[in-house]
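If you want the building blocks of each chain, they are given just below.
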Amino acid sequence: MPFGLPSVPSFHHAVQTISLRTRNLATISLANFTAPSVQTFYANPLLWNGHLQTCYTSLNPADPYDVYYARKHLINPNDGGHFALDFVVDKFNEPASEDLPVRTKHMTAVEASGLGSDDTKPMLVALHGLSGGSHEIYLRAVLAPLITKESGFAGCVVNARGCAMSKITTQQLFNARFTEDIREATKYLKKIYPNRPLYVVGFSLGANILTNYLAEEGESCVYKAAVVCSNPWNLEICCKALHRTFMGRMYSKVMGGSLRALFEQHVEELRSDTRIDVEAVRSGVFMDDFDRDLTSKVFDYPTVGAYYRDASSVDNVLKVRVPTFILHARDDPIAVDEAAPYYEVKVNPYCFMATTGIGGHLSWFEGGGGRWFARTIVTFFQNFQNEVLEVLPVKPEQGQHSGI
């Protein structure tokens, strides 16, 4: 018997979502395929709202997800910028490297030359949240059950520039609109693993980047299916919502502090950019201070508001053309509910959104100690790989809006 406070998910989608052909040659809609994977969330009774759920993320010492990586360094040919791609590998006993996160090693030249295969093993590509990386618990909570022998997935994580202790070779870090590195990583993976079905998941800011990428790729997108979790969607709305409350300002200060810490790791590479006032960046308090003093400047936005509006993915969800499963908690204090694309998903037959009343930001801690979002995402990907043969062409009447 499940233990905790029940939160029954609500589903939001078009009247007729895209049709999927299964391996037994049956036809099923994306909505009818996905809904059974989304079970009731039983929240830990001590974490009865979004603030408690979200704060517990940083307080919970439990880390049962033994995922190990080997790092491959890639150069984006468009601007010469470096980013790190962490491949999931078997557990190793090498001592921790001072210039890498835990459970991560540098890929040797021999290992790098051995990358690539003609196999058909499914592979999950993951994008982390703001200033995070492949080491994040929420990300490994999804990877760990998928890379088992039973599930049979391979995995890798695209680390945003400068994150997860990676180096930068250009005078910029990342932004919520910058999709060039996930695009380059995808091309690289498709080149070395031409027969592998690729899946992709994005968390928080990585979910916003992923949605923008999926929209830009449109019908050319090579991913078989995508999951978007705790996406802030409309960055300007989320920023304003954070400043309305004491707790919101605390979140913004914490995120701003994380960004400034990241800046300090790369300050020697960044300080030569005349657009950057180092002391202004250092004296900032909130997340939007950092985006005003650094992000918007190095990416040539006239104001932080212009950056937030351009980088927001809420309109781009309309252009997504791969089956996309969206998870959102209505009490998320960071990716606030008023920014969520309720109407947009109802006119895009490729999208299915599940929302819960409780869950917080990248949290969803259950009464039994598990994390509901991770189990839900894993079930979706397993079912898609095991059961779906292909996505059928969209019918003219698909895309009319509805919700259940």
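The protein chain carries the name AB hydrolase-1 domain-containing protein in an unreviewed UniProt entry, which gives Discina gigas as its organism. Word for word, the UniProt comment on the protein chain under Sequence similarities (unreviewed entry) is "Belongs to the AB hydrolase superfamily. AB hydrolase 4 family."

(A) Inspection of helix α7 (residues 235-242) at higher detail. Taken together, the buried positions of α7 are Leu-235, Cys-238, Cys-239, Ala-241 and Leu-242. Summarising the axial view, the buried residues of α7 lie within an arc of 165 degrees, below the 170-degree limit, and thus occupy one face.

(B) Inspection of the packing of aromatic side chains at higher detail. All chains considered together, the criterion is met by 20 aromatic pairs. Here Tyr-199 and Phe-384 contribute two aromatic rings whose centre-to-centre distance is 6.3 Å and whose plane-to-plane angle is 80 degrees, an arrangement assigned as edge-to-face. Here the residue Tyr-199 occupies a position in strand β11 (residues 198-203), and Phe-384 occupies one in helix α14 (residues 372-387), the gap between them amounting to 185 residues. Residue class for Tyr-199 comes out buried when judged on its relative accessible area of 0%. Aromatic pair Phe-380 and Phe-381: ring centres 5.7 Å apart, planes at 55 degrees, arrangement tilted. Since its relative accessible area comes to 0%, Phe-380 is described here as buried.

(C) Representation of the sheet that holds strand β3 (residues 19-22) in the model. Spatial strand order, β4-β3-β15: 3 strands in an open sheet with antiparallel pairing. Because the sheet does not close on itself, it has two edges, and the strands there are β4 (27-29) and β15 (388-391). Put simply, the sheet's adjacent strands are angled 35 degrees from each other on average, direction ignored. When β3 meets β4, the two strands line up antiparallel, connected through 3 bridges. Its bridge partner lying in β4, Leu-20 is registered against Ile-28.

(D) Expanded view of the nonpolar core. Membership of the largest hydrophobic core comes to 49 residues, with the highest contact counts inside it found for Phe-203, Phe-373, Ile-377 and Phe-381. When residues of this core are assigned to their parent elements, the largest contribution, 8 residues, is made by α14. In contact with Phe-373, not counting residues within four places along its chain, are Tyr-138, Val-142, Phe-203, Cys-229, Leu-327, Leu-362, Ser-363 and Trp-364. Core analysis: the next-biggest nonpolar cluster, separate from the first, contains 44 residues, Met-107, Val-125, Trp-233 and Val-322 among them.

(E) Structural detail: the pattern of salt bridges. By the definition in use, this model includes 25 salt bridges. The shortest N-O distance in the salt bridge between Arg-196 and Asp-119 comes to 2.7 Å. On the criterion of sequence distance, the pair formed by Arg-196 in the loop between α5 (180-192) and β11 and Asp-119 in the loop between α3 (109-113) and β9 (123-127) is long-range, its members being 77 residues apart. Overall, the relative accessible area of 7% leaves Arg-196 in the buried class. On the accessibility criterion, Asp-119 (27% relative accessible area) is partly exposed. The residue Asp-293 makes a salt bridge to Arg-292 at a minimum N-O spacing of 3.0 Å. Overall, Asp-293 belongs to the buried group, its relative accessible area being 10%.

(F) Just empty space enclosed by the protein, in detail. Per the counting criterion, the structure on display carries 1 cavity of 30 Å³ or more. If you trace the largest cavity, you find 18 residues lining it, with Leu-127, Asn-159, Ala-160, Phe-178 and Ile-209 closest to the centre. At 3 residues, helix α6 (residues 205-217) tops the list of elements feeding residues into the lining of the largest cavity. Grouping the constituent residues of the lining of the largest cavity by class yields 10 nonpolar, 6 polar and 2 charged.

Parameters and conventions
- Residues numbered from 1 in each chain as written.
- Predicted model: local features only at pLDDT ≥ 70, side-chain atom pairs only at ≥ 80, totals over all residues.
- Heavy atoms only, no water.
- UniProt positions renumbered as here; feature names shortened; annotations may be inferred.
- Buried < 20%, exposed > 50% of the residue type's maximum accessible area, 1.4 Å probe, protein only.
- Helix = DSSP H or I, 4+ residues; strand = E, 2+ residues; numbered from the N terminus.
- Arc of directions from axis to C-beta.
- Phe/Tyr/Trp six-rings, centres within 6.5 Å; stacked < 30°, edge-to-face > 60°.
- Pairing = 2+ DSSP bridges.
- Axes fitted to C-alpha atoms, helices over the stretch in contact; angles between N-to-C directions.
- Core = buried A, V, L, I, M, F, W, Y, C linked by side-chain atoms within 4.5 Å.
- Contact = heavy atoms within 4.5 Å.
- Salt bridge = Lys/Arg side-chain N within 4 Å of Asp/Glu carboxyl O.
- 1 Å grid on protein atoms, 1.4 Å probe; cavity = no way out; pocket = protein on both sides within 12 Å on 5 of 7 lines; lining within 4 Å.
- Points joined across faces, edges and corners; volume = space filled by probe spheres on them.
- Nonpolar A, V, L, I, M, F, W, Y, C, P; charged D, E, K, R; others polar.

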